[in-house]
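The lines below spell out each chain.
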Amino acid sequence: MSAEFELCPGRKIGGSNPCFIIAEIGQNHQGDIEIAKKMIRMAKDCGADCAKFQKSEIEHRFTKQALERPYTSPHAWGPTYGAHKHHLEFSHQQYRELQQYASEVGIFFTASGMDEMAVEFLHEINVPFFKVASADTNNIPYLEKTAKKGRPMVISSGMQSMETMRCVYQTVKKHNPNFTFLQCTSAYPLPLEHVNLSLIPEFPDIPIGYSGHETGIHVSVAAVALGAKVLERHVTLDKSWKGSDHSASLEPAELAELVKAIRKVEMAMGSPIKQMLPCEASCHSKVTYNGCSLFKINRWLLLNSLTPFLQLGKSEVARKPLQKGQTLTLDMLTVKVAEPHGMRPENIFKLVGKKITVDLEKDATITDAIIQD
């Protein structure tokens, strides 16, 4: 079982802990802080554990030439890429305001630090964990500086090879034991044939999660069934809004359904120990009493100490008439639904070579009481 650690105060991941669900707001807020607050509230109302944004110190993240490049995408918020990014970027004060709002709502708040200076700011405002976006996963100097700060780390693996991820593992592990990888393919929306959920168990000594960009919720639910301990999905209030991430995001109803489905799957994972459970009693012990068929041993029967007449669980019985003192052979025995209930079918081979202490008619139940020690 994967190691566990505290990702947020009072909230562990890994081991038998429930999947930690991150609602990735990113920049789907359109640069509007009031929309951002509505999205934080939506994430909380839908049952997510964390609302996450993307923080950049734009002049530290991009070169001057990159910012001056004309930007003609239908999703552009300005004539240049720099104008576009500045429109979508909240100030330090706005981030503090959003963090305070998330605290009031009751949901964890963090962001992907998209450059080293953004990580410094997020560290300053005391986010519970750092999220490393796929674009920085192979940025070794960035990883080392981030890991040394000692906060838990959630690291996406989009656009990376397994060789790179092993290098990332060694780099981070030297400085910080509390980190997790998210299986991720950086395509928006993501074709199903490129999801690669089989990679989730690849690093058995750390929790592994999934960052999904596919449409719908089914793949994400499957990821949790395969062992994902952190799940990140982009969210939006409206998929038709301007912005390249909206089409691969979940609207509120989808996010709420995803959270419910994940919690049901976690409940269904149950125990690895196979045994007959109390809930199976109604199938094992179908009863009839005074001609009435009952499909469970109900409370009335239990309170009145009435013995069931017929049980669906099968027992060992005599295949033919047998005489007292006979030594049992396999051809003398068979398995049927019997009254009274007797020895369980899996013990049939243990009876071979044993003697019976009474005469038996055909179909008579074999019980412990008639077997000679």
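The preceding data block contains the structure.
Parameters at a glance
- Residues numbered from 1 in each chain as written.
- Predicted model: local features only at pLDDT ≥ 70, side-chain atom pairs only at ≥ 80, totals over all residues.
- Heavy atoms only, no water.
- Helix = DSSP H or I, 4+ residues; strand = E, 2+ residues; numbered from the N terminus.
- Buried < 20%, exposed > 50% of the residue type's maximum accessible area, 1.4 Å probe, protein only.
- Contact = heavy atoms within 4.5 Å.
- Areas by Shrake-Rupley, 256 points an atom, 1.4 Å probe, with all protein chains shown as cover.
- Lys, Arg positive; Asp, Glu negative; His and termini not counted.
- Charge placed at Lys NZ, Arg CZ, Asp CG, Glu CD.
- 1 Å grid on protein atoms, 1.4 Å probe; cavity = no way out; pocket = protein on both sides within 12 Å on 5 of 7 lines; lining within 4 Å.
- Points joined across faces, edges and corners; volume = space filled by probe spheres on them.
- Nonpolar A, V, L, I, M, F, W, Y, C, P; charged D, E, K, R; others polar.
- Phe/Tyr/Trp six-rings, centres within 6.5 Å; stacked < 30°, edge-to-face > 60°.
- Expected span 1.5 Å × (residues − 1).
- Pairing = 2+ DSSP bridges.
- Arc of directions from axis to C-beta.
- Core = buried A, V, L, I, M, F, W, Y, C linked by side-chain atoms within 4.5 Å.
- Patch = residues over 30% accessible without salt bridge, like charges linked within 9 Å, V, L, I, M, F, W, Y side chains within 5 Å.
- Salt bridge = Lys/Arg side-chain N within 4 Å of Asp/Glu carboxyl O.
- Axes fitted to C-alpha atoms, helices over the stretch in contact; angles between N-to-C directions.
- Left-handed = near helix turned anticlockwise from the far one by under 90°.

(A) Structural view of the overall build of the protein. Along the protein, the regular secondary structure elements total 13 helices and 14 strands. Each principal axis of the C-alpha distribution contributes one length, and for the protein these read about 100 × 45 × 35 Å. Across the 373 residues in the protein, those meeting the buried criterion constitute 47%. Restricting to contacts in the protein with at least 6 residues of sequence separation, those with at least 24 account for 63%. For the protein, the computed accessible surface area is about 18800 Å², with 54% contributed by carbon and sulfur atoms. Taking the average location of the 42 positive side-chain charges in the protein and that of its 41 negative ones, the two points are 5 Å from each other.

(B) Representation of the environment of G342. Relative to the helices and strands, G342 is located in the loop between β14 (333-337) and α13 (348-351). Every residue in contact with G342, bar those within four places of it in the chain, is listed here: S315, T365, I366 and T367.

(C) Local environment of the layout of surface pockets. Volume-wise, the largest pocket comes out at about 670 Å³. Mapped onto the lining of the largest pocket, the elements with two or more residues apiece are β3 (20-26), β4 (50-55), α4 (81-88) and β10 (230-234). Residue classes in the lining of the largest pocket are distributed as ten nonpolar, 17 polar and eight charged.

(D) Representation of the packing of aromatic side chains. Evaluated as defined, the whole model comprises 13 aromatic pairs. Taken together, a centroid distance of 6.3 Å and an interplanar angle of 70° make the contact between F90 and Y95 edge-to-face. Judged by its relative accessible area of 4%, F90 is buried. Of the residues examined, Y95 reaches a relative accessible area of 1% and is grouped as buried. On the basis of an interplanar angle of 85° and a centroid distance of 6.2 Å, the ring pair of Y95 and F121 is categorised as edge-to-face. One end of the pair, Y95, is in helix α5 (residues 92-105); the other, F121, is in helix α6 (residues 116-124), and 26 residues separate them in sequence.

(E) Examining α5 more closely. Its 14 residues place the ends of α5 20 Å apart at the C-alpha level, agreeing with the 20 Å of an ideal helix rising 1.5 Å per residue. Looking at the buried positions of α5, the neighbouring elements they touch are α1 (33-45), β4, β5 (108-113) and α6. The positive-phi residue at the C-terminal boundary of α5 is G106, with phi of around 100°.

(F) Fine view of the pairing of strand β13 (residues 314-318). Burial analysis of β13 places four of its five residues in the buried class, which makes it a mostly covered element. Judged from the five bridges that link them, β13 and β14 form a sheet pairing that is antiparallel. Residue pairing in the sheet places V317 in a bridge with T334 of β14.

(G) Inspection of helix α7 (residues 140-148) at higher detail. Of all the residues in α7, the buried ones are Y142, L143, T146 and A147. Take α7 and look down its axis: the buried residues cluster within an arc of 125°, on one side only. Of the surrounding elements, those touching the buried residues of α7 are β5, α6, β6 (130-132), β7 (153-156) and α8 (162-173). Backbone geometry just after α7 places G150 at a positive phi near 85°.

(H) Representation of the nonpolar core. Counting 64 residues, the largest nonpolar core has F53, M153, F181 and Y210 as its most contacted members. It is α1 that contributes the most residues to this core, seven residues altogether. Counting residues in each nonpolar core, the second largest holds 14 residues, with A318, L322, M332 and I371 among its members.

(I) Expanded view of a nonpolar patch on the surface. There is a patch of nonpolar side chains on the surface, built from L330, F349 and V352 and spanning about 300 Å² of accessible area. By secondary structure assignment, the location of V352 is in the segment after α13. Look at V352 and you get partly exposed, because its relative accessible area is 39%.

(J) Broad picture of the environment of I217. Positionally, I217 belongs in the loop between β9 (208-212) and α9 (218-225). Here I217 falls in the buried class, since its relative accessible area comes to 13%. Distance in space between the C-alpha atoms of I217 and L250 is 8.4 Å, their sequence separation being 33 residues. Leaving out residues up to four positions away in the same chain, I217 has contacts with R233, L250, E254, E257 and L258.

(K) Examining the pairing of β5 more closely. Of all six residues making up β5, five are buried, and the element is well covered by its neighbours. Two elements, β4 and β5, share six bridges in a ladder whose sense is parallel. Pairing of Q54 across the sheet is with S112, part of β5.

(L) Main features of the packing of α7 against α8. Running from N to C, α7 and α8 cross one another at 35°; their axes reach a closest spacing of 9 Å. In this structure, the crossing between α7 and α8 has a hand that is right-handed. Between α7 and α8, the contacting residues are I140, L143, E144 and A147 on the first element and C167, V168, T171 and V172 on the second. Split into classes, the residues belonging to the contact of α7 with α8 amount to six nonpolar, one polar and one charged.

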